[in-house]
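Inside the fold
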Amino acid sequence: MQDVRLVIITGMSGAGKTQVIREMEDLGYFCVDNLPPMFIPKFAELCSQSAGSVSKVALVVDTRGREFFDTLIQVLEDMEKQGIMYEMLFLEAADETIIRRYKESRRRHPMAPHGRISEGISRERERLDRVRGRATHIIDTSDLKRDNLKEKIIRLFASEREFERMNITVVSFGFKFGVPLDADMVFDVRFLPNPFYVEALRRKSGAVNEVGEYIWKWPITQQFMEKLGGLVDFLVPNYIKEGKSQLVIAIGCTGGLHRSVFVAGKIFEGLRDKGYKVNIEHRDIKNNDVEEHPGC
């Protein structure tokens, strides 16, 4: 099991296990919810025999398992004797927070399906006491917003490579064909000098050298690129810190042929040179009458 990272998630009902398992899925973990403890060792063994196809596993084990849950301590002790390494994340929250969350969701507490929520919380805390003592990580979600909990999960369970990198796509587009629906940031470059009005450049894309030279020669272009580059350099690390896994930067001009293509290329090159995982897409080249574009 040395080649498999196994995380067992448990804790109080209403403390945020559902959100955590979703975040773990986004981090590439193979996730199973409400697994009976007796199956954990066998499941771990199967993962270790997957030839590397399953290297990160997150299992939610909690009191919904009723009598099966009571075997968890024994299962953990047996795993330790067998040398099966694991981490345990224990989620908890204040009684008033859990009561409020259950009232908002209108769900019944698993430890008091026909009684008061407070009674269920009391029973569950008593039942979880020994398990909590074995936790590798404990997170109190009482005062945590969703983004704060997400950041904690990323810092605890993302690999260094995943934490430092995300998928970035730079898209050029034409406003007359619509703004990309999945864009996180949209920059309008229609104020830059337009090669469309130069007959020799009209049917060449912004990725062609002579078109790029025309756009770049104007001071306003150089000033804008300096400011835009600084903004992107500031935002990207902070998006990564926040836990964003994908970022779409959209650059738009009128038709998506000249200025947006040129500026998108510059942003792409800057991010690539800084080591980010970045792709570029010129969405609306195909919608234009183009005589010259690299790759066409």
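You'll find the structure just up there.
In this text the structure is predicted, and so the values were computed from the model without any measurement. (Residues numbered from 1 in each chain as written. Predicted model: local features only at pLDDT ≥ 70, side-chain atom pairs only at ≥ 80, totals over all residues. Heavy atoms only, no water.)

**Things to note about the pattern of salt bridges**
All chains considered together, the criterion is met by 18 salt bridges. With a closest N to O distance of 3.2 Å, R134 and E77 form a salt bridge. Of this pair, R134 sits in the loop between α5 (117-132) and β5 (137-140) while E77 sits in helix α3 (residues 72-82), and the two are 57 residues apart along the sequence. Relative accessible area serves as the criterion here: at 26%, R134 is assigned to the partly exposed category. The shortest N-O distance in the salt bridge between E292 and K204 comes to 3.8 Å. (Salt bridge = Lys/Arg side-chain N within 4 Å of Asp/Glu carboxyl O. Helix = DSSP H or I, 4+ residues; strand = E, 2+ residues; numbered from the N terminus. Buried < 20%, exposed > 50% of the residue type's maximum accessible area, 1.4 Å probe, protein only.)

**Here's the deal with the sheet that holds strand β8 (residues 246-253)**
Within the open sheet, the four strands sit side by side as β7-β8-β6-β9. Their pairing is parallel. With one partner strand each, in any of the chains shown, β7 (185-188) and β9 (277-282) form the two edges of the open sheet. Averaged over all pairs of adjacent strands, the angle between their axes in this sheet comes to 15 degrees, without regard to strand direction. Two elements, strand β6 (residues 167-174) and β8, share eight bridges in a ladder whose sense is parallel. Paired with T169 across the two strands is V248, which belongs to β8. Packing against the sheet, helix α9 (residues 219-242) makes contact with β6, β7 and β8, and its axis sits at approximately 175 degrees to β7. (Pairing = 2+ DSSP bridges. Axes fitted to C-alpha atoms, helices over the stretch in contact; angles between N-to-C directions. Contact = heavy atoms within 4.5 Å.)

**Observations concerning the nonpolar core**
Residues L6, I9, M24, I40 and I153 are the most contacted members of the largest nonpolar core, which totals 51 residues. Counting residues per element, this core draws most heavily on α3, at five residues. Membership of the second largest hydrophobic core comes to 31 residues, among which are M185, V236, L247 and V278. (Core = buried A, V, L, I, M, F, W, Y, C linked by side-chain atoms within 4.5 Å.)

**A look at the layout of surface pockets**
If you add up the space inside the largest pocket, you get close to 640 Å³. As for the largest pocket, its lining consists of 26 residues, and the residues nearest its centre are G14, G16, K17, T18 and R107. Mapped onto the lining of the largest pocket, the elements with two or more residues apiece are α1 (17-26), α4 (95-105) and α6 (146-157). Sorting elements by how many residues they give to the lining of the largest pocket places α1 first, with five residues. A per-class count over the lining of the largest pocket returns eight nonpolar, seven polar and eleven charged. (1 Å grid on protein atoms, 1.4 Å probe; cavity = no way out; pocket = protein on both sides within 12 Å on 5 of 7 lines; lining within 4 Å. Points joined across faces, edges and corners; volume = space filled by probe spheres on them. Nonpolar A, V, L, I, M, F, W, Y, C, P; charged D, E, K, R; others polar.)

**Points about unusual backbone geometry**
The phi dihedral of N34 is positive, around 60 degrees, even though this residue is not glycine. Among the secondary structure elements, N34 is positioned in the loop between β2 (30-32) and α2 (40-48). Using a relative accessible area of 32% as the deciding quantity, one classes N34 as partly exposed.

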